[in-house]
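Residue-level listing of the chains:
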Amino acid sequence: MVHILSARTDVPVPQVYYGEPVQAGDLGLLYHAKAPITAHVLSASPLSPTCTITSTLRTVARLLSPLAPDEIKTIRGMGMQFAAPGAKVVKPEVAVLFYKPTTSLSGPEDPIFIPASARGMNNDYEVELCAVIGKKALNVSVADALDYVGWYCTSNDVSASTPLRPPDRS
């Protein structure tokens, strides 16, 4: 599934669509190489249970964030779940949850804005696996959890982590 700005020439304003890519492989690499990408338009938001793939094709002018910001209620992350080999980070006993604003969404190759207050800090740039929850969930068992995942994508998690890390007291 992709969220695209169409390269249609028959309308004065570019149109935004969700679509199912025709091309196989890594769309990010194809997009970066400026290879043509086409997609079958979806009939509705991919979060809609009535969404279907149509036969209408659109050429991608620009890949957007996987979902539009107005379709996302929260972006949640779970931090400090692993450490690089040899690192002295101790995994916490309780999960470290954090939120990201929907204004942090961007598409491939979009610039990443670093606020002035975070410049010069220890900004971390990490590639993360993102699970998009596709339907409402509450008190879901571990055994049923994957039934609620709509799809996966990768994301860049850019954080000013200096204030998050406790001082080294060794």
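As shown above, the structure is provided for reference.
Residues numbered from 1 in each chain as written. Predicted model: local features only at pLDDT ≥ 70, side-chain atom pairs only at ≥ 80, totals over all residues. Heavy atoms only, no water.

Caption draft 1: Seen up close, the pairing of strand 3 (residues 38-42). Of the strand pairs in this sheet, strand 2 (residues 16-21) and strand 3 are connected by three bridges, and their pairing is antiparallel. Counted as the bridge partner of glycine 19 is valine 41 from strand 3. (Pairing = 2+ DSSP bridges. Helix = DSSP H or I, 4+ residues; strand = E, 2+ residues; numbered from the N terminus.)

Caption draft 2: Region of the structure containing unusual backbone geometry. Its identity is not glycine, yet glutamate 109 carries a phi of approximately 70°, on the positive side. Tracing the sequence through the fold places glutamate 109 in the loop between strand 6 (96-100) and strand 7 (123-133).

Caption draft 3: Summary view of the environment of leucine 129. Within the element layout of this structure, leucine 129 appears in strand 7. The class of leucine 129 is exposed, set by a relative accessible area of 66%. (Buried < 20%, exposed > 50% of the residue type's maximum accessible area, 1.4 Å probe, protein only.)

Caption draft 4: Focus on the nonpolar core. Residues Val2, Ile4, Tyr17, Leu27, Tyr31, Ile37, Ala39, Val41, Val60 and Leu63 constitute the largest nonpolar core, which totals 10 residues. If you list the elements that add at least two residues to this core, you get strand 1 (2-6), helix 1 (27-32), strand 3 and strand 4 (53-63). If we skip the residues at most four places from it in the chain, valine 60 touches Ile4, Leu5, Ala7 and Ile37. Judged by nonpolar contacts, the second largest core, of eight residues, contains Leu42, Leu67, Ala68 and Val132. (Core = buried A, V, L, I, M, F, W, Y, C linked by side-chain atoms within 4.5 Å. Contact = heavy atoms within 4.5 Å.)

Caption draft 5: Region of the structure containing a nonpolar patch on the surface. On the surface, a cluster of nonpolar side chains totalling about 380 Å² of accessible area is made up of Leu129, Leu146 and Tyr152. With respect to the secondary-structure elements, leucine 146 resides in the loop between strand 7 and strand 8 (149-160). (Patch = residues over 30% accessible without salt bridge, like charges linked within 9 Å, V, L, I, M, F, W, Y side chains within 5 Å. Areas by Shrake-Rupley, 256 points an atom, 1.4 Å probe, with all protein chains shown as cover. Salt bridge = Lys/Arg side-chain N within 4 Å of Asp/Glu carboxyl O.)

Caption draft 6: Representation of the side chain of serine 45 in the model. Relative to the elements of secondary structure, serine 45 occurs in the loop between strand 3 and strand 4. When residues no more than four places from it in sequence are discounted, the contact partners of serine 45 are Tyr18, Cys51 and Glu71.

Caption draft 7: Region of the structure containing the environment of lysine 136. Mapped onto the elements of the fold, lysine 136 is located in the loop between strand 7 and strand 8. Owing to a relative accessible area of 77%, lysine 136 belongs among the exposed residues under this scheme. Measuring from C-alpha to C-alpha, the distance between lysine 136 and tryptophan 151 comes to 14 Å, with 15 residues separating the pair along the chain.

Caption draft 8: Seen up close, the environment of glycine 79. Its location among the elements puts glycine 79 in strand 5 (residues 75-79). Along the primary structure glycine 79 and leucine 97 are separated by 18 residues, whereas in three dimensions their C-alpha atoms are 6.2 Å apart.

Caption draft 9: View of the sheet that holds strand 4. Read around the barrel, four strands follow the order 1-2-3-4 and close on themselves; strand pairing throughout is antiparallel. Across this sheet, the average inter-strand angle for adjacent strands is 60°, counted without regard to direction. (Axes fitted to C-alpha atoms, helices over the stretch in contact; angles between N-to-C directions.)

Caption draft 10: Up close: the pattern of salt bridges. What the rule picks out here adds up to two salt bridges. The residue aspartate 110 makes a salt bridge to arginine 62 at a minimum N-O spacing of 3.2 Å. You can see aspartate 110 sitting in the loop between strand 6 and strand 7 and its partner arginine 62 sitting in strand 4, a full 48 residues away along the chain. By relative accessible area, which is 34% here, arginine 62 ends up partly exposed. Ionic pairing is found between lysine 100 and aspartate 157, a salt bridge with its closest N-O pair at 2.9 Å. Here lysine 100 is found in strand 6, whereas its partner aspartate 157 is found in strand 8, with 57 residues between them in sequence.

That is the geometry; function is a separate question.
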